[in-house]
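# Residue-level structural notes
So you can see what is in the structure, the chains are spelled out below.
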Amino acid sequence: MPQIVLKNVTKRWKNFYGVDDLSLTIEDNAFVTLLGPSGCGKTTTLRMIAGLETPTEGRIEIGDQVVFDSEAGINVPASKRRVGFLFQNYALWPNMTVYQNISFGLKNVKEELPVLDIEAKVVSDLLRTLRNPERIRDIAEECRGRDGKMEMEKLYLRLINTFTISMDTAKKLYALGIQDAQDPAGRSREETGKLQQKWKELEDAHAARGEKLNEKCEVMVNGAVRRQVRKLSREEIDLAVRRAARVVKIGMFMDRYPAELSGGQQQRVAIARTLAPQPQVMFMDEPLSNLDAKLRIQMRYELQRLHVETGSTFVYVTHDQMEAMTLSTKICLINNGVLQQYDPPLTVYNHPVNLFTADFVGNPSINFLNAKGSQGEDGSFVFTILNGQKVCFTPSQPIDMKEWFRERTVREEKEKQQNQKRAVEKENKDEVFQYHIDTVEEEDDSLAEESVPTDEDFVLAVRPERIRITEKKEGTLEAVVYGAMPSGMESTLKIRVGDYLLTGVIFGDVTYPIGARVRIDLFGREVLLYDRASGRLVTGGTIQLL
């Protein structure tokens, strides 16, 4: 499967930028999730890659093919990009059976394909199947009802899935009578001889025309596979449908109509329909949003398995961070049309590059603490946090803040120059994320307190699970349980420290009564330090009370 490369892709409507100068590479066989709040540009990005939306400028490559280039005037239509698209609405035809829904798109395929000898393909599949006559007999016995009669639909399905053959081939295999023979091995040898004779006749016929058959029963001339513009044969369509149905485990529903299926089963049909043409890339736009919570979790496992079994590249749109964390090999986090971070899930969670990423990823949300102070000669920082509490922040890696501030100035100057080069002024301007701090009275908009932050203004960020309830007094803060929500394996607490509220996740089947006095330890576990002016991550480290 190919990799996908986006270079400086922009989509705007007048002076509103849906996607702004997006560049990223989606590796071969990756499962990339486009994550972000509603209206951030996720679906627009997906539609541009798929060819359903035309970028304003930029370049998109799928494998070694340039599918869009604004400067070269290239815009390959969606039907020629060999991609599959799974929509939020499954869009199944209600008047068609499951089989007809999956095969519908395949019947309309007309492109340059290898010339396939269908008769030889059937003979080859039968010869391969007859190598295991005992297995054929065992499957037949397992498909007999209590009255001894053969359940034909079940039998055909088992033969199809066991030997990877079409329905027509399964019926011909049953007609050979291997399952009813007293000596299945002898009957198999007898039928194999007849089929080998038929195979030789087909090979001789091709040889007379200067042709050969390869192991896939494709016609070869002068050592190369012969190709021609054609439609798929009925055998090819059936094999493709059965293959896709086997992957998503819906082979038993082929004769049912969508109205006779549950939501999860309908979704599997939609996935099978997308998989049947064997697309280069699978695009999915919030496909689980119509399912209930329990079924969504189940389908996440199915999508993981599907990704591994198909070996396809998956690009998945969601606003649900839990889906992104559990499914992705990489998360592409977007806000206001701008790429915020593109990293593996645990990197995004543990090392968010800015305040927006830190706040968006994680449930419950991360705790933000205003910190004022500066770096000392030994490389550590002395900050004032919460209600005037003095702390020492020690970076996990040495950092020179003078150099960091210089690089920030250079970066901001480059961004300013880039903004000036835009074709039109951007209506939806990029601004520093307005983070919030919980207080007893109300949720405080911290950036409104000081319009122009100085180089001494920072933000400390602490994940809820890194706050611990402890018995020790040294190096801890006194707090009061303000709210508690036990869920069995963990409890989510609102903890009051002075006028501020912190969120903590305490693991274990323990409960904390509201109003209980506790001591909390958030020092000694890694916390994150952000520059308040730019909202960018400075470093991680630990803090100690002074």
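Described in the following lines is the structure provided in the data block. In this text, all values refer to a predicted model and were calculated from it rather than measured experimentally. (Residues numbered from 1 in each chain as written. Predicted model: local features only at pLDDT ≥ 70, side-chain atom pairs only at ≥ 80, totals over all residues. Heavy atoms only, no water.)

## As for the packing of aromatic side chains
If you walk through the whole model with that rule in mind, you get 15 aromatic pairs. Between F381 and F383, the ring centres sit 5.5 Å apart and the planes meet at 20°, which makes this aromatic pair stacked. According to the relative accessible area criterion, F381 is buried, its value standing at 0%. A network of ring pairs unites the aromatic residues F381, F383, F393 and F458 as a single cluster. The ring centre of Y342 lies 4.7 Å from the NZ or CZ of K330, which sits over that ring. Its guanidinium or amino end placed over the ring of W404, R411 lies 6.0 Å from that ring's centre, counting from NZ or CZ. (Phe/Tyr/Trp six-rings, centres within 6.5 Å; stacked < 30°, edge-to-face > 60°. Buried < 20%, exposed > 50% of the residue type's maximum accessible area, 1.4 Å probe, protein only. Lys NZ or Arg CZ within 6 Å of the ring centre and 35° of its normal.)

## Some details on the sheet that holds strand β28 (residues 527–531)
Read around the closed barrel, the 6 strands follow the order β17-β18-β19-β29-β28-β22; overall the barrel is antiparallel. Within the sheet, the average angular offset between the axes of one strand and its neighbour, ignoring direction, is 45°. (Pairing = 2+ DSSP bridges. Helix = DSSP H or I, 4+ residues; strand = E, 2+ residues; numbered from the N terminus. Axes fitted to C-alpha atoms, helices over the stretch in contact; angles between N-to-C directions.)

## A short note on the pattern of salt bridges
Per the stated rule, a full pass over the model turns up 38 salt bridges. Close ionic contact of K194 with E190 constitutes a salt bridge, the shortest N to O distance being 3.8 Å. Taken as a pair, K194 and E190 lie in helix α7 (residues 184–208) at a separation of 4 residues, close to a single helical turn. Residue E236 pairs with R230 through a salt bridge whose shortest N-O separation is 2.8 Å. Of the two residues, E236 and R230, neither departs from the other in class, the shared state being buried. One network of salt bridges, in which partners are shared, links K7, R59, E61 and D69. (Salt bridge = Lys/Arg side-chain N within 4 Å of Asp/Glu carboxyl O.)

## Focus: the pairing of strand β1 (residues 4–13)
Relative to strand β4 (residues 57–62), β1 runs antiparallel, the two being bridged by 5 bridges. Across the sheet, the residue bridging to K7 is R59, located in β4. Taken together, the 7 bridges between β1 and strand β2 (residues 16–26) define a ladder with antiparallel strand orientation. Across the sheet, residue K11 finds its bridge partner in β2, namely V19. Taking the residues that link successive antiparallel strands as the turn, the β1-β2 hairpin has 2 residues, and the phi of K14 there is positive, at about 55°.

Function cannot be inferred from these measures alone, as they are strictly geometric.
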